[in-house]
Amino acid sequence: MRAMAFPTTRPRRLRATPALRALVRETELSPRDFVLPLFIRPGKGEKRPISSMPGHFQYSVDEAVKAAGEAAALGVPALILFGIPDKKDAKASGAYAAGGIVQKAARAIKDKHPELLLIADLCFCEYTDHGHCGIVKDGRVLNDPTLALAAKTAVSQAKAGFDVIAPSGMMDGQVGVMRRALDAAGFSDTPILAYAAKYASGFYGPFREAAESPPSFGDRSGYQMDPANFREALREVALDVEEGADMVMVKPALPYLDVVKAVKDRFGLPTSAYQVSGEFAMIKAAAKNGWIDEKRVALETLVSIKRAGADFILTYYALEAARWLAS
Ligand code: PBG
């Protein structure tokens, strides 16, 4: 009999007590792993519930500052901001206006909570009247004309105080043009977190209610990735790294853990995953029906995402998970 086999080896020995399990645990979650997404709308004293995302709201700037304070108090180090502008147009003007909604929010949050890291989602779907992530002509989303807007928006966001710029539009070449624009404007130290492998996913459903950004025609399959593709994700990440991405993201998270793992192993860059609105909403809905234990399932998904290789996780569970981990 081989010495390493049963009955000499009994993996259950190390599972006998909580202390033993804690000692040999390979992956540990911490509030420091989380980035909290916030939706910012115009107005004052506004906190409008998002029905498909219980516990989440569209905040006016003043209310967003309070939510940011809650994150800081719980040890969640970073926020990613999405804007709902008061006016949408064909050129997504609200995305790069100096007085744009997320620019205002960034200034107000930085003023009150300078220790928080502010990440700017850079995409146009919330700012265009047609809801697509770029300039549209004859029913098509044009790549290169959109890049000029992306460059402008990155600089406007950096000027407003964002610490990290996160392009999520899936336009080819967007990371490179943003890097050059940031460098030229004196922001060579501002990192880019590329939504490098972003899939055309049904899991974004609740977000489109939250950000009021559903496309008015067609879908995003012409620019976001086909869920069936893995090798293409590695090519997408390689291109973004070549163009100057400092960190990369895979999105959604749980259905794409193979991609998270491969990206981390292959590139070794700080790697993140976005547990998107639909992933959050599914857990909430099942828990509300009493079908699953919310805390247990939510923490299990988060630890799985980290175990697969994510260094940090964008998640609507950031505050709740931080509270659970502290208790
Ligand atoms: C912007 C963007 C989307 C999400 C993040 N940035 C929506 C989309 O691509 O349709 C989705 C996030 C989520 O579902 O939580 N393009």
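Scroll up to find the structure this text is about.
Chemist: Sorry if this is basic, but what is going on with the environment of Asp258 here?
Modeler: Relative to the helices and strands, Asp258 resides in helix 9 (residues 257-267). Distance in space between the C-alpha atoms of Asp258 and Ser272 is 13 Å, their sequence separation being 14 residues.

Chemist: I would appreciate a short explanation of the side chain of His132 in the present structure.
Modeler: Here His132 lies in the loop between strand 5 (117-122) and strand 6 (135-137). In this structure the side chain of His132 is engaged in a polar contact, spanning 2.6 Å, whose partner is the side chain of Tyr223. If near-sequence neighbours (up to four positions away) are discounted, His132 is found in contact with Phe124, Cys125, Val141, Pro215, Phe217, Asp219, Arg220 and Tyr223.

Chemist: So what exactly am I meant to see when it comes to the site of the ligand here?
Modeler: Around the ligand sit 19 residues in total, of which Arg208, Gln224, Lys251, Ser277 and Tyr316 are the nearest. Residue Arg220 places a side-chain N or O atom 2.9 Å away from an oxygen atom belonging to the ligand. At 2.7 Å from an oxygen atom of the ligand is found a side-chain nitrogen or oxygen belonging to Ser277. Contact with the protein chains hides 100% of the accessible area of the ligand, taken as 400 Å² for the molecule alone. Residue classes in the shell around the ligand are distributed as 10 nonpolar, 3 polar and 6 charged.

Chemist: What am I meant to see in the nonpolar core here?
Modeler: If you look at soluble globular proteins, the nonpolar side chains tend to sit buried side by side. Counting 109 residues, the largest nonpolar core has Phe39, Leu79 and Leu81 as the members making the most contacts within it. In this structure Phe39 touches Ile50, Met53, Phe57, Gln58, Tyr59, Phe82, Ile84, Phe207, Ala210, Ala211 and Tyr316, once residues within four positions along its chain are discounted.

Chemist: Would you take a moment to explain the pairing of strand 4 (residues 78-83) for this structure?
Modeler: As a general feature of sheets, a regular strand has side chains that alternate between the two faces. The buried fraction of strand 4 is high, at 6 of 6 residues. Of the two faces of strand 4, the one holding Ala78, Ile80 and Phe82 and the one holding Leu79, Leu81 and Gly83 are both buried throughout. Of the pairings in the sheet, the one linking strand 1 (residues 34-40) to strand 4 comprises 6 bridges and is parallel in character. Among the inter-strand pairings, Ile40 is bridged to a residue of strand 4, identified as Gly83.

Chemist: What exactly am I supposed to notice about the packing of helix 8 (residues 231-243) against helix 9 here?
Modeler: When two helices pack together, their arrangement is given by the angle between the helix axes and by the axis-to-axis distance. Orientation of helix 8 relative to helix 9, taken along the N-to-C sense of each, is 45°, at an axis distance of 10 Å. The orientation of helix 8 relative to helix 9 falls into the category oblique. As helix 8 runs across helix 9, the sense of the crossing is right-handed. Listed contacts from helix 9 to Ala233, Leu234, Val237, Ala238 and Val241 of helix 8 are Val259, Ala262, Val263, Arg266 and Phe267. Classifying every residue of the contact of helix 8 with helix 9 gives 9 nonpolar, no polar and 1 charged.

Chemist: Honestly, the packing of aromatic side chains in this entry has me stumped. Any pointers?
Modeler: Pairs of aromatic rings are described using the distance from one ring centre to the other and the angle between the two planes. For the coordinates displayed, the defined rule picks out 11 aromatic pairs. With centroids separated by 6.3 Å and ring planes inclined at 5°, the aromatic side chains of Phe39 and Tyr316 adopt a geometry described as stacked. Here the residue Phe39 occupies a position in strand 1, and Tyr316 occupies one in the loop between strand 12 (312-315) and helix 12 (318-326), the gap between them amounting to 277 residues. Overall, Phe39 belongs to the buried group, its relative accessible area being 1%. Residues Tyr199 and Tyr256 carry aromatic rings whose centres are separated by 4.0 Å and whose planes lie at 15° to one another, so their mutual orientation is stacked. Separated by 57 residues along the polypeptide, Tyr199 in the loop between strand 9 (193-198) and helix 7 (205-210) and Tyr256 in the loop between strand 10 (247-251) and helix 9 bring together distant segments of the chain. Comparing Tyr199 with Tyr256, the two get one shared label, buried. Note that Lys47 overlies the ring of Phe57, its terminal NZ or CZ placed 4.6 Å from the centroid.

Chemist: Is there a simple way to think about a positive patch on the surface in this case?
Modeler: On the surface, Arg10, Arg12, Arg13 and Arg15 cluster together into a patch of positive charge. Along the chain, Arg15 turns up in the segment before helix 1 (18-24).

Thresholds applied
Residues numbered from 1 in each chain as written. Predicted model: local features only at pLDDT ≥ 70, side-chain atom pairs only at ≥ 80, totals over all residues. Heavy atoms only, no water. Helix = DSSP H or I, 4+ residues; strand = E, 2+ residues; numbered from the N terminus. Polar contact = N/O pair within 3.5 Å; in protein donor to acceptor, adjacent residues only side chain to side chain. Contact = heavy atoms within 4.5 Å. Near = heavy atom within 4 Å. Areas by Shrake-Rupley, 256 points an atom, 1.4 Å probe, with all protein chains shown as cover. Nonpolar A, V, L, I, M, F, W, Y, C, P; charged D, E, K, R; others polar. Core = buried A, V, L, I, M, F, W, Y, C linked by side-chain atoms within 4.5 Å. Buried < 20%, exposed > 50% of the residue type's maximum accessible area, 1.4 Å probe, protein only. Pairing = 2+ DSSP bridges. Axes fitted to C-alpha atoms, helices over the stretch in contact; angles between N-to-C directions. Parallel < 35°, antiparallel > 145°, perpendicular 65-115°, else oblique. Left-handed = near helix turned anticlockwise from the far one by under 90°. Phe/Tyr/Trp six-rings, centres within 6.5 Å; stacked < 30°, edge-to-face > 60°. Lys NZ or Arg CZ within 6 Å of the ring centre and 35° of its normal. Patch = residues over 30% accessible without salt bridge, like charges linked within 9 Å, V, L, I, M, F, W, Y side chains within 5 Å. Salt bridge = Lys/Arg side-chain N within 4 Å of Asp/Glu carboxyl O. Lys, Arg positive; Asp, Glu negative; His and termini not counted. Charge placed at Lys NZ, Arg CZ, Asp CG, Glu CD.

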